[in-house]
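Residues per chain, in single letters:
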Amino acid sequence: MSVIHRTTMAPTKLELLTAWLPTRPWYTAAGGAPELERTGGFRLDDPEGEVGIEFLVVTDSAGAGSGAGGGAGIGDGPRSYLVPMTYRAAPLPGAEEALIGTSEHGVLGKRWLYDGAHDPVLAGQLAALLRGKAEPQMQSVSHTPDPSVRAALADGSVPDGAWAAGTAVMVTDGADATLLAFGPGEPVLCLCRVLDGESDAEPAGALGTVSAEWHAGDGVTRRAPFVVVLPAAS
């Protein structure tokens, strides 16, 4: 299970994301640099114990006005983003464009931090979570499952052998989500990058979801799908 070290990272994750987020097509610039706060998320374990996996929610209050709400599209308040990340002890071959940055960890030494959408270990464990073969872990507490994370997958919706390699054939960033496409006939994993918290209902046509909670800029706890399983592209 996940071991959380009470130590330092230099630069911190938020410092790295402050520079990286504005380069993403799903980030909405509000004027000036992002003003980020960690507001939720959960972790998954790597069975090999080599790669850290975190589904991190950050809320950007830059440019926030008097409008209420904690997500995109709710007044002119803060916006919350999902950033799945992986942490590695060495570079991930072929993933240079997915590198968020490097950081010196007070216990583990130098870490390479990646956009997890491009990391096969994250994709593999996300598939295991949807199949009921992986257990979500608390974000900041060691060896502790997180029962607030809900994973559901329609019976028979994913063919045997689908997602087996954990490596997406194509990763596509859109205006509010990132799509992970695998082999022919295999369902697509949609990472919901922009969280609005207006509903945690499964979207129409979805084959499954992973939903979780976060605390928005107004202090209200919200729940929404973090991941949606979509039918294979025709």
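Residues numbered from 1 in each chain as written. Predicted model: local features only at pLDDT ≥ 70, side-chain atom pairs only at ≥ 80, totals over all residues. Heavy atoms only, no water.

What about the state of the cysteines?
Any covalent bond linking the sulfur atoms of two cysteines counts as a disulfide. This is how it is decided: Any two cysteine sulfur atoms lying within 2.5 Å of each other are counted as a disulfide. Under the scheme applied here, a residue whose accessible area is under 20% of the maximum for its type counts as buried, over 50% as exposed, and between as partly exposed, the area being computed with a 1.4 Å probe on protein chains only.
Evaluation of the coordinates by the stated rule reveals zero disulfides. Cysteine Cys190 remains unbridged, with the sulfur of Cys192 as its closest cysteine sulfur at 4.5 Å. Since its relative accessible area comes to 10%, Cys190 is described here as buried.

Description of the nonpolar core
The condition is simple: Think of a nonpolar core as a cluster: buried Ala, Val, Leu, Ile, Met, Phe, Trp, Tyr and Cys residues, connected wherever their side-chain atoms sit within 4.5 Å. The helix count covers DSSP runs of H or I at least four residues long, the strand count covers runs of E at least two residues long, and both are numbered beginning at the N terminus.
In this structure, Phe42, Phe55, Leu126, Trp163, Leu189, Val210 and Phe226 are the most contacted members of the largest nonpolar core, which totals 39 residues. Those elements that provide at least two residues to this core are strand E2 (36–44), strand E3 (52–60), helix H2 (120–130), strand E9 (177–181), strand E10 (188–192), strand E12 (208–215) and strand E13 (221–230).

Notes on the pattern of salt bridges
Keep this limit in mind: Here, a salt bridge means any Lys or Arg side-chain nitrogen found within 4 Å of an Asp or Glu carboxyl oxygen.
Enumeration according to the criterion identifies seven salt bridges in this entry. Its salt-bridge partner being Glu213, residue Arg223 comes within 3.6 Å of it at the nearest N-O pair. On the criterion of sequence distance, the pair formed by Arg223 in strand E13 and Glu213 in strand E12 is long-range, its members being 10 residues apart. For Arg223, a relative accessible area of 11% translates into the label buried. Accessibility expressed as a relative area gives 34% for Glu213, which makes it partly exposed. Counted as one network, the salt bridges with shared partners bring together Lys13, Arg38, Arg43 and Glu54.

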